[in-house]
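Close look at the chain arrangement
Letter by letter, the chains look like this.
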Amino acid sequence: MLEFLAMFGFDDDEARAQEARVREVFNRLGLTDEDIQRAKVRMNTYYDMELRGVRKLFGIILKDVCNTVMMRDDGREKVIHVCMSPGLNIMGSAIMDNCSDVGMICPNMTYMSILGGVFGKYTPILEAAEKEWLKSGAVAHCGMVKSRVGLIGLGLIPKPDLTMTTGYACETSPKVNELLEEVYGIPACYVDTCPDRELSEYPDSRRITVFAAKSMRAAAGCIERVTGFRITDDMVWKALKLRKTLDEAMERYRRVMRESDPIPFRSTHLSMWMAVDLIPYTEEGIAEAVDAFTVLCDELEERRSRGVGATPKGAPRVLSMFPYHHTDPRWEALANEKGIAIVAFDFEAMAIDPSSGAGIVDPNDPYEVVAQHLHSSFTQPLGARVRLVLDLCRRLGVDGVFYHNHLGCRYAAGDALVVRDAIIKELGIPVLMLEWDNFDPRSYNHQQYEAKLETFRSMMGAGV
Amino acid sequence: MTIETKVDELLLHRQEELENAKSAGKKVVGYFPGGYVPEELIYAAGAIPICLSHGGDARTADEALSIMPHVICPFARAQVGEMMLKTNPFYTAVDLVVVPSTCQHMKKIGDFWEYYEGPKVFKLGVPYEHDKDFEVQYFRDRLVALKERLETLTGNTVTDDRLAEAIVVYDRLRSLLKALSLTRRGAGRAIGALDFVRLNHASLYADPVVMADTLEAVLEGLPEAAPGRPRVLLTGPNLVLGDYDVLALADEVGAEVVIEEIFEGVRDYWQTIDQTGDPLDALVRGYLIEKRPAAFMRGSTSKRLEFIRSLIEGFEVQGVLWYQLLCCEFYDEEGSYIETALRDDGIPVLVVESDYHSLDSGQMKTRLAAFVETMAGGPVDA
């Protein structure tokens, strides 16, 4: 176990101090010594474990899983569960730092990294959800909502006192929480906006962000009613200020990936970015995350200076539409093996720079600042999304695009053909459309995928 | 004259009316179904409201597959297919299209129409909840924005008086549909399901005054209800003009669909709009707050289940037919829950899925026949 914990960036002292806790968590998650041995092999196969920054990031993710499992043991009696809720982790930080008996968990992504990416044991969670009201197959219901239902149904996360989600781009997620309330008696609170942006208003989204801010403030009221804890504006401002340090560290990391040739580490690590991004950190946790990214970026830049990377120099660069696979590193690993460098993904494209303040109506409302993520390409109407993606492709100078056609997400999948055609027509670069479920390892078909990657690679025509 | 013939005539006549109206400079404003777009606003602006709700035709839905993938529901694809084909005179006549932001599929309709057809789309935001002031205010603000857009389009001012008159016109239509629907509650004179649905669909296209007059005439001439057939409630997300296979098949195997509970495509007639006070506020109350929530609204499941249970009791329903369009993911979720709840109540439930390719298959008929036998306690003479 101590050797295993070293792979998560724990030094000797910390590993000894944490060993009993981690064993208890693994026990509750049904992870055996045999699983640990297999996990070691997987980590060494798919991830650049020689990088201290990678180990530190894995450590942060593992600690979040442990904190989630042990939330009530640690004294946080009231537990709020959030999922598909960008921005609510800021409220989570406000709670985690100012209240010792209430906690917020955002478990999906960190559990996907650990149970999926590291241990390769994610399918039972999805199957548990499919025994409830969610259907199997990539089209019917997305793996993200199945994860939520499966984790609760199997008791792998504490049964929450309140669930929260957003309906920014999805009806399935709120409907799941509504049915969790009907079936399990867990009260649900929703944060919404009104997705009626018109192309003629682009890039102005103030109507949308102001609504979302009000909805978040109302959700804070719901949290107070259920837990007795009041989130003040000052707490949110402080959480935003701390969060800025992490955002800056992550932006440095994204810049390194975009600007390096060859890409300095494998694309299998990219899903860890989202897992780390959504954790509702304490102040101490943020500092640890910033440190991890700083160490990682230093190492990546050092590799860049030596010309070391995961793909050959000059390898074709691609933009990933919709994020990477979250529970199965084989997708990104094979892409790199075939000499394809994934340099960015489309969520990074923003209609308005959130830090510019241009999208804010009331600068004294911290929730409006939180809501600025809604300028992302992902939540735009089709015409705006096309513009943003084309612009991002041009700025990055990519040679091709992976379109991760996550079928369960009607919002993203619905646009796929139009966005693909626009890229091909306007930029003359190939698009590889991959029909899959972002979160379901069962969607992997090695022969089919390998053949597609080879064809795609040859279409990009780089002489590597 | 059968009701089917009467409806065909109404729709044909309506097409001619639209052509003449457009020649005379009148504007046609289309809107997509779901019951969240107050057509009273359109009517009060002096424009012709048309609910764009053709469906049931696989060819139209499949036409859109070149730009819209199969994971979008067939109704949404059919609306994009109509946009591409430009052969449906109702769709080609519109000068403005109002798209309510209800479900993701409806939003895609709006996005695609906007992308390909330009600024003749107005997206009407529908908040998912309405227990907070800012949500209600948002909807009201969007109705004001729609009103202004209509005024610009038509050159007419939407006054409170005109709006109040429009509410009276449409309330009459809703009341007559309700009266017609309620004839199916017990023994006596009753309208058949297919006839009722055809008339309901026609009401989404025809002139509301002409339609109301037609409904009054139908009410006076109803046949005796056919006794003895198992009584069925039809529910699901969508049942639009042209999508009649499920009703025809149900009739063929001997089921009597006595009531429908459908989100899109069937005009909601269960409540009228309050005719007192500020008419715009009345529309906000009627179309958002007091309206029975569709499944995309937060907290709708228990309310819909309660309503379905009241319909089962009120219409002496013996079984529930859930008509599910493929890829409608959130009705699919809610359907699983409601199905379990109804089965626990001892009500047989059959889920039938469609992507608009013909339901008239042997397998489907067998399933429906078995369902009818379950309710009847044995074989039924259809």
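Going along each chain's sequence as written, the residues are numbered from 1 onward. The naming scheme follows written order: chains are lettered A onward, ligands numbered 1 onward. Where local features are concerned, this predicted model is filtered to residues with pLDDT of at least 70; where side-chain atom pairs are given and counted, the filter is 80 or more; whole-chain, interface and lining totals use all residues. The side-chain values count all of the structure's non-hydrogen atoms but skip hydrogen atoms and water molecules.

Considerations on the side chain of Thr102 of chain B
Helical segments are the DSSP runs of H or I of at least four residues, strand segments are the runs of E of at least two, and each set is numbered from the N terminus. Following the sequence through the fold, Thr102 of chain B ends up in the loop between strand S3 (96-101) and helix H6 (104-117). Burial here depends on accessible area, computed with a 1.4 Å probe over protein chains only, as a share of the maximum for the residue type. Under 20% is buried, over 50% is exposed, and the range in between is partly exposed. Given a relative accessible area of 0%, Thr102 of chain B falls into the buried group. Sequence-distant contacts of Thr102 of chain B, defined by excluding residues within four places in its chain, comprise Glu171 of chain A together with Tyr36, Lys107, Val126, Tyr128, Phe263, Glu264 and Phe296 of chain B. Contacts between residues were defined by any pair of non-hydrogen atoms, one from each residue, lying within 4.5 Å.

Let's talk about the sheet that holds S3 of chain B
By way of backbone hydrogen bonds, the strands of a sheet pair with one another, either parallel or antiparallel. Residue and element names in this part refer to chain B. The pairing criterion is simple: DSSP has to find at least two bridges between the two strands. Spatial strand order, S2-S1-S3-S4: four strands in an open sheet with parallel pairing. A strand with exactly one partner marks an edge of an open sheet, and here the two such strands are strand S2 (48-51) and strand S4 (121-125). For this sheet the average axis-to-axis angle between neighbouring strands, irrespective of direction, equals 25°. The sheet contact formed by S3 and S4 spans five bridges and is parallel. Fitted lines through C-alpha atoms serve as axes, helices being fitted only where they are in contact, and the angles separating the N-to-C directions of these axes extend from 0 to 180 degrees.

As for the state of the cysteines
Two cysteine sulfur atoms form a disulfide, by the criterion used here, when they sit within 2.5 Å. Under the counting rule described, the total for this entry stands at zero disulfides over all chains. Cys194 of chain A forms no disulfide, and the closest cysteine sulfur to it belongs to Cys103 of chain B, at a distance of 13 Å. Judged by its relative accessible area of 0%, Cys194 of chain A falls in the buried class.

Remarks on unusual backbone geometry
In this chain, Tyr202 of chain A is followed by Pro203 of chain A through a cis amide linkage whose omega measures 5°. Along the chain, Pro203 of chain A falls in the loop between strand S4 (188-191) and helix H10 (206-227). Following Asp261 of chain A, the chain continues into Pro262 of chain A via a peptide bond in cis, with omega recorded as 5°. Relative to the helices and strands, Pro262 of chain A resides in the loop between helix H11 (233-259) and helix H12 (270-277). Notably, Tyr356 of chain B is not glycine yet its phi reads approximately 80°, a positive angle. Topologically, Tyr356 of chain B is positioned in the loop between strand S8 (349-354) and helix H15 (362-376). The exposure class assigned to Tyr356 of chain B is buried, which follows from its relative accessible area of 4%.

Section: the packing of helix H13 (residues 300-314) of chain B against helix H14 (residues 329-344) of chain B
Residues and elements named next belong to chain B. Here H13 crosses H14 at 45°, and the two axes come no closer than 11 Å. Taken together, the axes of H13 and H14 are oblique relative to one another. Here H13 and H14 pass one another in a crossing that is right-handed. Between H13, through Ser300, Thr301, Arg304, Leu305, Ile308, Arg309 and Ile312, and H14, the contact on the second element is made entirely by Tyr331, Glu334, Tyr337, Ile338, Ala341 and Leu342. When the residues that make up the contact of H13 with H14 are grouped by side-chain class, the tally is eight nonpolar, two polar and three charged. Angles below 35 degrees are treated as roughly parallel, those above 145 as roughly antiparallel, those between 65 and 115 as roughly perpendicular, and all remaining angles as oblique. Crossing handedness is defined as follows: a turn of the near helix away from the far one that is anticlockwise and smaller than a right angle gives a left-handed crossing, while the clockwise case is right-handed. Throughout this entry, Asp, Glu, Lys and Arg are counted as charged residues, while Ala, Val, Leu, Ile, Met, Phe, Trp, Tyr, Cys and Pro are counted as nonpolar. The remaining residues, Gly among them, count as polar.

Remarks on the confidence of the model for chain B
Overall, the predicted model of chain B reaches an average pLDDT of 94, with 98% of residues at or above 70. Reported for the predicted complex are a pTM of 0.95 and an ipTM of 0.95. Note on scores: pLDDT gives the predictor's confidence for each residue, bounded by 0 and 100.

What to know about the packing of aromatic side chains
Residues and elements named next belong to chain A. In this scheme Phe, Tyr and Trp rings, the latter by its six-membered ring, pair at centre separations within 6.5 Å, and the angle between planes marks the pair as stacked below 30 degrees, edge-to-face above 60, and tilted otherwise. Considering all chains together, one arrives at 37 aromatic pairs over all chains under this definition. Between Tyr47 and Phe58, the aromatic rings sit 4.9 Å apart at their centres with planes inclined by 90°, giving edge-to-face as the arrangement. Placement of the pair is Tyr47 in the loop between helix H3 (33-46) and helix H4 (52-69) and Phe58 in helix H4, with a sequence separation of eleven residues. Each member of the pair, Tyr47 as well as Phe58, carries the same accessibility label: buried. The rings of Trp273, Phe322, Tyr324, Phe345, Phe347, Phe378 and Tyr411 are connected pair by pair, giving a single aromatic cluster.

Thoughts on the interface of chain A and chain B
Between chain A and chain B, the contact holds 48 residues from the first and 51 residues from the second. Of the roughly 4100 Å² buried between chain A and chain B on both sides combined, carbon and sulfur atoms contribute 58%. Values labelled buried area give the accessible surface lost by two parts on being combined, using a 1.4 Å probe and summing over both. Broken down residue by residue, the surface that chain A buries against chain B is led by Glu171, Lys175 and Arg410 of chain A, which jointly contribute 18%. Within this document, salt bridges are pairs made up of a side-chain nitrogen of Lys or Arg and a carboxyl oxygen of Asp or Glu, the two lying within 4 Å of each other. Across the contact surface, chain A and chain B share eight salt bridges.

Points about the environment of Asp8 of chain B
Residue and element names in this part refer to chain B. For Asp8, the position within the fold is in helix H1 (residues 3-23). For Asp8, a relative accessible area of 44% translates into the label partly exposed. C-alpha separation for the pair Asp8 and Arg198, spaced 190 residues apart in sequence, amounts to 9.3 Å.

Observations regarding helix H11 (residues 245-252) of chain B
All names here are of chain B. Inspection of H11 places Val246, Leu247, Leu249 and Ala250 among the buried residues, and these make up the whole buried set. Axial view of H11: buried residues confined to an arc of 165°, hence all on one face. Looking at the buried residues of H11, the elements they touch are helix H9 (193-203), strand S5 (231-238), strand S6 (256-264), strand S7 (319-325) and H15. Two residues or fewer after H11 comes Gly254, characterised by a positive phi angle close to 100°. The arc in question is formed by the directions pointing from the helix axis toward the C-beta atoms.

Some words on the packing of H11 of chain A against helix H13 (residues 283-306) of chain A
Residue and element names in this part refer to chain A. Where H11 contacts H13, the two axes come as close as 9 Å, and the packing angle between them is 15°. Taken together, the axes of H11 and H13 are roughly parallel relative to one another. Pair H11 / H13 crosses with left-handed handedness. On the side of H11, the interface is formed by Lys238, Leu242, Arg243, Thr245, Leu246, Ala249, Met250, Arg252, Tyr253, Val256 and Glu259, while H13 contributes Glu283, Ile286, Ala289, Val290, Phe293, Thr294, Leu296, Cys297, Asp298, Leu300, Glu301 and Arg304. For the contact of H11 with H13, a count of residues per class yields 13 nonpolar, two polar and eight charged.

Concerning the nonpolar core
Residue and element names in this part refer to chain A. Here the nonpolar core consists of buried residues drawn from Ala, Val, Leu, Ile, Met, Phe, Trp, Tyr and Cys, with membership extended through side-chain atoms lying within 4.5 Å. By size, the foremost hydrophobic cluster in this structure holds 316 residues, and its most contacted members are Phe4 and Ile231. Of the residues forming this core, the biggest block, eleven residues, is contributed by H11. What Phe4 contacts, discounting residues up to four positions off in sequence, is Phe26, Ile36, Ala39, Lys40, Met43, Val118 and Phe119.

Here we look at the pattern of salt bridges
Taken as a whole, this structure holds 80 salt bridges over all chains when the rule is applied. As a salt-bridge pair, Asp277 of chain A and Arg243 of chain A come within 2.1 Å of each other at their nearest N and O atoms. Of this pair, Asp277 of chain A sits in helix H12 while Arg243 of chain A sits in helix H11; the two residues are 34 residues apart in sequence, bridging distant segments of the chain. Between Asp268 of chain B and Lys291 of chain B there is a salt bridge; the shortest N-O distance is 3.2 Å. You can see Asp268 of chain B sitting in the loop between S6 and helix H12 (279-289) and its partner Lys291 of chain B sitting in the loop between H12 and H13, a full 23 residues away along the chain. Note on Asp268 of chain B: relative accessible area 19%, which makes it buried. Among the charged side chains, a salt-bridge network with shared partners connects Lys175 and Glu178 of chain A together with Glu261, Asp268, Lys291, Arg292, Arg304 and Glu334 of chain B.

Let's talk about the environment of Leu280 of chain B
Tracing the chain through its elements places Leu280 of chain B in helix H12. For Leu280 of chain B, the residues in contact, after removing those within four places along its chain, are Leu41, Arg140, Leu143, Val144 and Leu163 of chain B.

Concerning the sheet that holds strand S8 (residues 431-436) of chain A
All names here are of chain A. Pairing is parallel in the open sheet, where four strands are placed in the order S6-S5-S7-S8. Of all strands in the sheet, those with a lone pairing partner are strand S6 (341-345) and S8, marking the two edges. Strand-to-strand twist across the sheet, computed as the mean angle between neighbouring axes with direction ignored, equals 25°. Running at roughly 165° to S8, helix H18 (residues 446-460) makes contact with strand S5 (317-321), strand S7 (400-406) and S8 of the sheet.

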